[in-house]
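Okay, here's what each chain looks like letter by letter:
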Amino acid sequence: QVQLVESGGGVVQAGGSLRLSCAASGRTFSTYTMGWFRQAPGKEREFVAAITWSGGSTYYADSVKGRFTISRDNAKITVYLQMNSLGPEDTATYYCANKIGMHYSGSYLRREYAYDYWGQGTQVTVSS
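Residues numbered from 1 in each chain as written. Predicted model: local features only at pLDDT ≥ 70, side-chain atom pairs only at ≥ 80, totals over all residues. Heavy atoms only, no water.

Would you take a moment to explain the side chain of Lys99 for this structure?
Inspection of the secondary structure assignment puts Lys99 in strand β9 (residues 92-100). Among residues more than four places away in sequence, those in contact with Lys99 are Tyr32, Thr33, Tyr104, Tyr108, Ala114, Tyr115 and Asp116. (Helix = DSSP H or I, 4+ residues; strand = E, 2+ residues; numbered from the N terminus. Contact = heavy atoms within 4.5 Å.)

Even after reading the chapter, I still don't get the sheet that holds strand β7 (residues 68-73), so can you show me in this structure?
In any sheet, the strands associate via hydrogen bonds between backbone groups, in a parallel or an antiparallel arrangement. What the four strands build is an open sheet, ordered β1-β3-β8-β7; its pairing is antiparallel. Pairing within the sheet leaves two strands with one partner each, and these edge strands are β1 (2-7) and β7. Direction aside, neighbouring strands of the sheet carry axes that sit 15° apart on average. Where β7 lies against strand β8 (residues 78-83), six bridges are found, and the strand directions are antiparallel. Opposite Ile70, over in β8, you have Leu81 as the bridge partner. (Pairing = 2+ DSSP bridges. Axes fitted to C-alpha atoms, helices over the stretch in contact; angles between N-to-C directions.)

Honestly, the pairing of strand β5 (residues 46-51) in this entry has me stumped. Any pointers?
For a regular strand, the rule is simple: side chains alternate between the two faces of the sheet. Across the six residues that make up β5, a large majority, five, are buried. Pairing between strand β4 (residues 32-39) and β5: five bridges, direction antiparallel. Considered in β5, the bridge of Met34 is made with Ile51. The hairpin turn running from β4 into β5, its antiparallel successor, is six residues long, and Gly42 in that turn takes a positive phi close to 75°. Pairing between β5 and strand β6 (residues 58-60): three bridges, direction antiparallel. The residue bridging Ala49 from the neighbouring strand is Tyr60, located in β6. (Buried < 20%, exposed > 50% of the residue type's maximum accessible area, 1.4 Å probe, protein only.)

Listed below in structure tokens is the structure:
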């Protein structure tokens with residue numbers, strides 16, 4: 001079992017920035033892929049970003065491309081989501097997710113069912 005704990009959420013004004021973190025603990029695997037999803041009130045959960053084990057490949061939703069950056073520190077078993085130029089449309093609960101293994105396509109990693117473990121989420125609220 002893998003536990004994922006997100007942190008870094010909060011309230012920020014439009015145009016501001018936040019950095020989310022997701023720390024993994026419990027049973028660890030030699031390789032894993034990480035992703036971020038978000039769910040706004042009344043909407044389905046949607047893909048935000050994903051990063052491969054090596055960090056060599058990253059994938060983003062069109063809505064966040066150029067504003068958000070996903071990164072990871074394998075020594076700390078932590079993944080980050082730097083969010084810049086935030087707008088009210090980014091208000092949501094943000095979830096990190098863990099996929100065991102390392103060789104997956106970008107299209108596959110955009111699907112919720114691709115992931116094995118999920119965090120509890122951290123709330124991000126952007127005021128206009």
